Amino acid sequence: MRMESLHPRIRLLWIAQAAIGALVVGIVLAAVDRWLTSIPTVAVFGIVAVAIGLGVAYAVRLYQVWQFELQGDALYLERGVVTFIETAVPFVRVQHVDTQFGPIERALGLSSVVVYTAGSRNADVRIPGLTPDRARELQDTLRELAVESEVEDAV
Amino acid sequence: MNRLHPLSAVAYAIQYGFLWLWIPIVLVIALGGATGIVSPAWAPFAAPVGFLAGVAYGITYYYRFEYEVTETTVDVASGVFARRSREIPYRRIQNVDVRQGIIQRLLDLAIVSIETAGGGTSEATLNFVSATEAKRLQREIRRRTAAVKDRRRAGNGETTATDTDADQVGSNASDLPPESTDTDGTGPIDPAADRAEPIAPDADADRPDVDATADRTTAADTADSAPPQPDRSHTDPTTDEPAAFDWEETRETRLFDLEPRELLLYSFTSFRPAAVAAVIFVFFLATDTIFELLLTAAQPFGGPQDLETGDTQSYGILTIVSAINGVLITYLVSVAYTFATYYDFQLGRAGDDFVYERGLLQRYSGSIPVEKVQAVTVTDNPVQRLIEYGGLWVETAGYGPDSDSGSQSAVPLATERRVYQFAENLTGVETPAFRSPPTLARRRYLVRFSLVALVVVVIAAAVAQVTPIERWYLAAIVFAAVPPAAHLRYVNLGYYVGDQHLVIRRGFWRRRTTVIPYYRIQTVNTRRSIFQRRLGLASLVVDTASSRSFFWTTPTIYDIDLADARDVHETSRKRLQAALRDRARDEVGMEVDFT
């Protein structure tokens, strides 16, 4: 069975984020050009264009690899372009589950589910790019599964 | 409700007096400068007013600070104007620590802090109580925490192997194989622990005298200093243990003493980064004096007369001699610091807690509940490996008394054999047969370190462009260090997939062998970087709730075959579920009496 993918619109979010980053770089370069040393305008536009291009490629690839699944004992996720990460979060380790959405996400009609564990690293696992309904549904499911599998095991 | 020691009223009064002293001074000077209504000359008269107000505040603070150890919680109420009352349930309490600085030791006072798993600071600090009250609180809270736990177990109708529930174990004996209940009743129902048992006397053989006498003296000590307390748990209908059991619970058994020889070895073979910070701090505090000292130290070797007059050679000598001096002094500070911190280190057991004490100037005593232990790590550095010694650290979740982490040194330094024996007895892990990553991994490190060496050469070349240094290409000598470095990194990697535990070893400078019980795993991650994917390798990151990992890296099995990584990933998850099911049935804990 194929694992669940994110909503295709998430690519727009990532592209938007990359574009914002590229614009910031462009502004910094423009400032350097203005006050420190002169940089050819073509170079500035070139760098910004390449950055946006890379961002688009990254977003497309990330969307292709990002998938998750509710398995028997754990929430399982696969993601990452440069470093590919497979994470298993056992339900019994779930401390709490949030749904969140930022301004761009809201504009795109998406939200994220964030799963918190008591771990020290990777303590919060985020599943971005879900429709608000799916996010709420996932949150409820995870919460139920976490309660179901709860044990008397204090940290 | 109880109050703090009366002397803390004095301490608070002085503290706030000197703090508040400055408020009217600043006000008078600021107002005087701005308006002219008041004159800055009034400052000497305003200061005592501020001081008295501060004293009054300090004393009020003392009278408004109350604490109480109740049936279910530790309550602390504080605050003069804004009141805060806090109730800490026993089952959330991680450590109860007692700290005594030099002055407090002279006045027989102590600071008690109560730690829970959450947050970055102590949950409650009692600053100060008398030393006997501190001991009483520590024991009382420990006893009640244990009682709460027992009650919970009893409430669940579960069988346990602690002696508080001895009669329950008897009645439910049909559930348990008879040999699985330890003679002292504190052991887990864990076949692995039993397997480790026969080897334990071997470890004790190192110094049977200490263990035997320590046991006797501690028992006597405790009997002297602690009269049996009125047992208030009788009023609680849910506990039906006789008072004698509580008394047993609070008696302390000595597990480990750091001998003078081990203390010295530990001081000289370990290095504390804090020493660097201390030396740099002193350097900035007294830069001129230190420059003079460094000059004087370098003169016999041909250093310059003073900082202005000197040629290239004498400056060079000054630099080299000062560098050696700096390293030497930092090292000595580190030695002294370690010595003072771990002087007279003792580890013991009281009920289900580890208790420890240490410190030369500042005496420190704390406890670690065994059930809160997340992982156990054996550490050693190259020097310690050379003399076959190592240390044992116990990792708990949340804030720890060692201020930077939740991990405590259970055995600062002992012979390697003994430390591994401790670790095995403590966790019940079988002697690990380590597996190494494929040799492909070593090739990766060869490439990685070559890149680092290349960066060094490039930097040298760049420096040569702007300074008169020639022959920058000599920096290429760093490439000679690459093969040994890659090899050393590789040979210190290893992992072992046990029945109940995962054992992960990594690191050369500070090699860490971490034993993670499957039931402590939080998340499992298989990571593959773009380079690892090309070689078919993967790293497995096993996250626990131990906060030590926040400063050390999270336990990671580096660069094993993808198939192996997936395998360990699956196994860890399966065994976590199996362990949780087992624990739901009967409580399997860590072995407390691990020596």
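Residues numbered from 1 in each chain as written. Chains lettered and ligands numbered in written order. Predicted model: local features only at pLDDT ≥ 70, side-chain atom pairs only at ≥ 80, totals over all residues. Heavy atoms only, no water.

Participant: Can you help me understand the sheet that holds strand β5 (residues 109–116) of chain B in this one?
Facilitator: The strands making up a sheet associate through hydrogen bonds between their backbones, and the pairing can be parallel or antiparallel. All names here are of chain B. If you walk across this open sheet you meet the 7 strands as β6-β5-β4-β10-β9-β8-β7, and the pairing is antiparallel. In this open sheet, the two edge strands, each paired with only one partner strand, are β6 (124–130) and β7 (252–257). Here the strands of the sheet are splayed against their neighbours by 20 degrees on average, with no regard to which way each runs. Note: β7 against strand β8 (residues 346–350), 5 bridges, orientation antiparallel. (Pairing = 2+ DSSP bridges. Helix = DSSP H or I, 4+ residues; strand = E, 2+ residues; numbered from the N terminus. Axes fitted to C-alpha atoms, helices over the stretch in contact; angles between N-to-C directions.)

Participant: Would you take a moment to explain a nonpolar patch on the surface for this structure?
Facilitator: Residue and element names in this part refer to chain B. Taken together, the side chains of L7, V10, I14, F18, I102, I103, L106, L107, Y343, L360 and L361 present a nonpolar region at the surface, about 1000 Å² in accessible area. On the secondary structure map, L106 appears in helix α4 (residues 102–107). With a relative accessible area of 72%, L106 lands in the exposed category. (Patch = residues over 30% accessible without salt bridge, like charges linked within 9 Å, V, L, I, M, F, W, Y side chains within 5 Å. Areas by Shrake-Rupley, 256 points an atom, 1.4 Å probe, with all protein chains shown as cover. Salt bridge = Lys/Arg side-chain N within 4 Å of Asp/Glu carboxyl O. Buried < 20%, exposed > 50% of the residue type's maximum accessible area, 1.4 Å probe, protein only.)

Participant: Can you walk me through the packing of aromatic side chains in this structure?
Facilitator: Given two aromatic rings, their pairing is described by the distance between the two centres and the angle made by the two planes. Residues and elements named next belong to chain B. Evaluation of the coordinates by the stated rule reveals 20 aromatic pairs over all chains. Consider the rings of Y266 and Y342, whose centres lie 5.2 Å apart with planes at 80 degrees: the pair is edge-to-face. With Y266 in helix α11 (residues 260–269) and Y342 in helix α14 (residues 312–342), this residue pair connects regions lying 76 residues apart in the sequence. With respect to class, Y266 is no different from Y342; both count as buried. (Phe/Tyr/Trp six-rings, centres within 6.5 Å; stacked < 30°, edge-to-face > 60°.)

Participant: Hey, could you run me through the environment of H501 of chain B in this one?
Facilitator: Residues and elements named next belong to chain B. The topology assignment puts H501 in strand β15 (residues 501–506). Between the C-alpha atom of H501 and that of R358, which follows or precedes it by 143 residues, the distance is 30 Å. A distance of 3.0 Å separates a polar atom in the side chain of H501 from the backbone oxygen of T427. (Polar contact = N/O pair within 3.5 Å; in protein donor to acceptor, adjacent residues only side chain to side chain.)

Participant: Please clarify how unusual backbone geometry should be interpreted in this entry.
Facilitator: Trans is the prevailing form of peptide bonds, just as negative phi is the prevailing case for residues other than glycine. All names here are of chain B. With an omega of 0 degrees, the peptide bond between N127 and F128 qualifies as cis. Note that F128 resides in strand β6. You will see that D108, though not glycine, has its phi angle at about 65 degrees, which is positive. The partly exposed category is assigned to D108, whose relative accessible area is 44%. A positive phi angle, near 60 degrees, is found at E388, a position not held by glycine. For E388, the position within the fold is in the loop between α15 (382–386) and β12 (389–396).

Participant: Explain the packing of helix α17 (residues 440–466) of chain B against helix α18 (residues 482–491) of chain B here, please?
Facilitator: Axis angle and axis distance: for two packed helices, these are the angle between their axes and the distance between the axes, and together they describe the pair. Residues and elements named next belong to chain B. Running from amino to carboxyl end, α17 crosses α18 at an angle of 135 degrees, the nearest separation of the two axes being 8 Å. When the axes of α17 and α18 are compared, the pair comes out oblique. When you trace α17 past α18, the crossing you get is right-handed. In this structure, α17 uses A441, R442, Y445, L446, R448, F449, S450 and A453 to contact α18, whose residues at the interface are V482, P483, A485, A486, H487, R489 and Y490. (Parallel < 35°, antiparallel > 145°, perpendicular 65-115°, else oblique. Left-handed = near helix turned anticlockwise from the far one by under 90°. Contact = heavy atoms within 4.5 Å.)

Participant: What's the story with the side chain of T338 of chain B in this structure? I'm lost.
Facilitator: Residues and elements named next belong to chain B. Within the secondary structure layout, T338 lies in helix α14. Within polar-contact distance, the side chain of T338 engages the backbone oxygen of S334 at 2.8 Å. Aside from chain neighbours lying at most four places away, what touches T338 is Y266, S267, S270 and R272.

Participant: What exactly am I supposed to notice about the environment of I85 of chain A here?
Facilitator: In this fold, I85 of chain A is placed in strand β4 (residues 84–90). Between the alpha carbons of I85 of chain A and W66 of chain A there is a distance of 9.7 Å; along the sequence they are 19 residues apart. Not counting chain neighbours up to four residues away, the residues in contact with I85 of chain A comprise L77, E78 and R79 of chain A together with N525, T526 and R527 of chain B.

Participant: Can you help me understand the packing of helix α12 (residues 273–285) of chain B against α14 of chain B in this one?
Facilitator: Residue and element names in this part refer to chain B. Packing of α12 against α14 leaves a shortest axis separation of 8 Å and a crossing angle of 120 degrees. With respect to their mutual orientation, α12 and α14 come out oblique. For the pair α12 and α14, the crossing hand works out as right-handed. Of the residues in α14, those touching α12 at A274, A275, V276, A278 and V279 are I329, T330, V333, S334 and Y337.

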